[in-house]
Amino acid sequence: MKISKVKLTAVGVPRHTGFVNKHVIVQIETDEGAVGIGEMSDFSHLPRYSVDMKDLEATLDSILIGKNPFDTADINRELDLNFPQALYYYEKGSFIRNGVDTALYDVCSKFLGVSMSDLLGGRQREKFKVCYPIFRHRFLDEVDENIDIVRTRLEQGFDTFRLYVGKNVDADETFLDRVYSEFGGKVTIKSLDFSHLLDWKDALRATKRLSKYHFDLVESPAFWNDFEGLNHFRLQCEFPVSEHVWSPRQQYEMIKKDSVDIFNIAPVFIGGLTAARKAAYAAEVAGKSVLIGTTQELSIGTSAMAHFGSALPHLNYTSDPTGPELYIDDIVTHKIKYENGYLTLPDRNIVGIGVDLDWNKIEKYRVPDLSWGDVSVHQLQDRTSQTRG
Ligand SMILES: O=C(O)C(=O)C[C@@H](O)[C@H](O)C(=O)O
Ligand SMILES: [Mg+2]
Ligand SMILES: [Mg+2]
């Protein structure tokens, strides 16, 4: 089988917060007629340059056409040369590599007539627990609307949440107090996520202040790539520490410096399922736990993560992929399913990734390019359309 064409389609899908995320749908066509789909998820993150879609499609054509999609190792090597790893969380080259790599696994599993998970180590689980994100408070009066989100999502079966913190710790504290006084043991706070906004000492002070409320772990409590700072925090904090993995070198440094207890692995940030599996193996070798992170993908990217997570032996913490619940709509015929707060894999009898493109929805949300429009840094950081100063 040989790749005959790469097709890219950009879509802009709003969240319930009003924030519009731009994603790119990947189609890899082959001379056997099988077509693989993937998702370059959420280009709506800093830095504020954008990728030229037409040029990217031509570049990927030049790299991929004529290649056997089963040659994932060789293709990933080529993709790494063209879209190099970077010591940066939201490196757009990683999103590009992830969309292509996912489509390779999809087209190969379709060609073989098996579920995508069969090419990723099989299934240890048909579902896994996820948590719903509560985005960062900047003002005290945002607590009410976030408590409403907890109440609504709890009614839908999500009993676990993660809280972005650090901009207004008074509001963070008020929120946690309200959660435990109103919902008691019915709700679990999985993590406080500092998103690399504070240095490790400020994050430690905030964590100690909030530790009178229960949470399972702390995420990103130091500046970018501050491996020593993460280690200092970790040795002085009673809670497990997680950090996103955005490059093999960064993960190597975190292993060497014993920076974390948990690696937060999302294919989008490490550049694909192939790279994510390597990161998961490295975590296992280092004796660390894994949770699956997210950039808040649509159903294509989320389904790929469900398949990826089904085989991981040390998926010891609640994971994060909830994108299809955050967006007002999706671009597939049937969204990936959540049941009682669990992300549920497509049936193993369904070949490939297990979701199908809905071209009526794609046309509805199609955008001509990945241009930024008028968004503020606050909106980009906290994923909202709110324009308060
Ligand atoms: O755990 C995180 O950090 C995130 O989920 C980052 C978010 O910004 C995510 O990428 C999103 O778009 O909501
Ligand atoms: Mg995080
Ligand atoms: Mg994102």
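Please read these numbers as outputs of a predicted model, since none were measured by experiment.

Draft legend 1. Region of the structure containing the overall build of the chain. Helix and strand content of the chain: 14 helices and 13 strands. Taken against the 2.2 N^0.38 rule, which gives 21 Å for 389 residues, the C-alpha radius of gyration of the chain at 20 Å falls within 12% of a compact globule. Considered along the principal axes of its C-alpha atoms, the chain spans approximately 60 × 45 × 40 Å. Expressed as a percentage of its 389 residues, the buried residues of the chain come to 61%. For the chain, restricting intrachain contacts to residue pairs at least 6 apart in sequence, the fraction spanning at least 24 positions comes to 75%. Of the charged side chains in the chain, 45 are positive and 56 negative; the average position of the first set lies 1 Å away from that of the second.

Draft legend 2. Region of the structure containing the packing of helix α5 (residues 169–183) against helix α6 (residues 200–210). For the pair α5 and α6, interaxial distance at closest approach is 10 Å and the crossing angle is 30°. Taken together, the axis directions place α5 and α6 in an arrangement best described as roughly parallel. In the crossing of α5 with α6, the sense of the turn from one axis to the other is right-handed. Packed against α5, whose contacting residues are Val169, Asp170, Asp172, Glu173 and Leu176, the element α6 presents Ala206, Arg209 and Leu210 at the interface.

Draft legend 3. Quick peek at the pairing of strand β10 (residues 262–265). Residues Ile262 and Asn264 of β10 are buried on one face, and the alternating residues Phe263 and Ile265, pointing to the opposite face, are buried as well. Each parallel crossover has a hand, and the one from strand β9 (residues 241–244) via helix α8 (residues 248–256) to β10 is right-handed. The sheet contact formed by β10 and strand β11 (residues 289–292) spans four bridges and is parallel. Directly across from phenylalanine 263, in β11, lies its bridge partner valine 290.

Draft legend 4. Geometry of the coordination of the magnesium ion (ligand 2). For the magnesium ion (ligand 2), every protein donor is listed as Asp193 (OD), Glu219 (OE) and His244 (NE2), and the spread of their distances is 2.0 to 2.2 Å. Between the donor residues of the magnesium ion (ligand 2), the gaps in sequence give the motif D-x25-E-x24-H. Highlighted residues: aspartate 193 in strand β7 (residues 188–193) and histidine 244 in strand β9, separated in sequence by 51 residues. Accessibility expressed as a relative area gives 4% for aspartate 193, which makes it buried. Residue classification places histidine 244 among the buried positions, given a relative accessible area of 3%.

Draft legend 5. Inspection of the sheet that holds β10 at higher detail. A sheet is described by the order of its strands in space; here seven strands give the open sequence β5-β6-β7-β8-β9-β10-β11, paired in parallel fashion. The two strands at the open ends of the sheet, each matched to only one other strand, are β5 (132–134) and β11. Going across the sheet, the axis of each strand differs from the next one's by a mean of 30°, ignoring polarity. As paired elements, β5 and strand β6 (residues 160–164) share three bridges and run parallel to each other.

Draft legend 6. Seen up close, the UniProt feature "domain: Mandelate racemase/muconate lactonizing enzyme N-terminal" (unreviewed entry) in the chain. UniProt's entry tags residues 15–121 with the feature "domain: Mandelate racemase/muconate lactonizing enzyme N-terminal" (unreviewed entry), counted in the numbering of this structure. The span residues 15–121 is 41% helix and 16% strand, and its two end C-alpha atoms sit 33 Å from each other.

Draft legend 7. Here's a closer look at the coordination of the magnesium ion (ligand 3). The coordination sphere of the magnesium ion (ligand 3) contains the protein donors Asp42 (OD), His45 (NE2), Thr295 (O) and Thr295 (OG1), at a distance range of 2.0 to 2.3 Å. Taken together, the six donor atoms coordinating the magnesium ion (ligand 3) span angles of 75 to 172° at the metal, a pattern that classifies the geometry as octahedral. Sequence spacing of the donor residues for the magnesium ion (ligand 3), all on one chain, is D-x2-H-x249-T. Taken together, the residues histidine 45 in the loop between β3 (35–40) and α1 (53–64) and threonine 295 in the loop between β11 and α11 (299–310) connect sequence positions 250 residues apart. Taking relative accessible area as the criterion, threonine 295 reaches 4% and is therefore assigned buried.

Draft legend 8. Here's a closer look at the confidence of the model for the chain. Summary statistics for the chain give a mean pLDDT of 97 and a share of 100% for residues scoring 70 or more. In the predicted complex, the global pTM is 0.97; the interface-specific ipTM is 0.96.

Draft legend 9. Region of interest: the packing of aromatic side chains. Counted under the stated rule, the structure contains 17 aromatic pairs. Centroid distance tyrosine 180 to tyrosine 213: 6.3 Å. Interplanar angle 5°. Geometry classified as stacked. Pair noted here: tyrosine 180 is in helix α5 and tyrosine 213 is in the loop between α6 and β8 (217–219), with a separation of 33 residues, a long-range link. Residue tyrosine 213 is classed as buried on the basis of its relative accessible area of 9%. For lysine 92, the ring lying beneath its charged end belongs to tyrosine 49, and the centroid distance is 5.2 Å. Here the guanidinium or amino end of lysine 127 rests over the ring plane of tyrosine 342, the centre of that ring lying 4.7 Å away.

Reading guide: rules and limits
Residues numbered from 1 in each chain as written. Chains lettered and ligands numbered in written order. Predicted model: local features only at pLDDT ≥ 70, side-chain atom pairs only at ≥ 80, totals over all residues. Heavy atoms only, no water. Helix = DSSP H or I, 4+ residues; strand = E, 2+ residues; numbered from the N terminus. Rg over C-alpha atoms; globule rule 2.2 N^0.38 Å. Buried < 20%, exposed > 50% of the residue type's maximum accessible area, 1.4 Å probe, protein only. Contact = heavy atoms within 4.5 Å. Lys, Arg positive; Asp, Glu negative; His and termini not counted. Charge placed at Lys NZ, Arg CZ, Asp CG, Glu CD. Axes fitted to C-alpha atoms, helices over the stretch in contact; angles between N-to-C directions. Parallel < 35°, antiparallel > 145°, perpendicular 65-115°, else oblique. Left-handed = near helix turned anticlockwise from the far one by under 90°. Right-handed = clockwise from strand over helix to strand, strands pointing away. Pairing = 2+ DSSP bridges. Donors = N, O, S within 2.8 Å, 3.2 Å for Na, K, Ca; no water. UniProt positions renumbered as here; feature names shortened; annotations may be inferred. Tetrahedral: all angles 85-135°; square planar, octahedral: opposite > 155°, others 65-115°. pLDDT = per-residue confidence, 0-100. Phe/Tyr/Trp six-rings, centres within 6.5 Å; stacked < 30°, edge-to-face > 60°. Lys NZ or Arg CZ within 6 Å of the ring centre and 35° of its normal.

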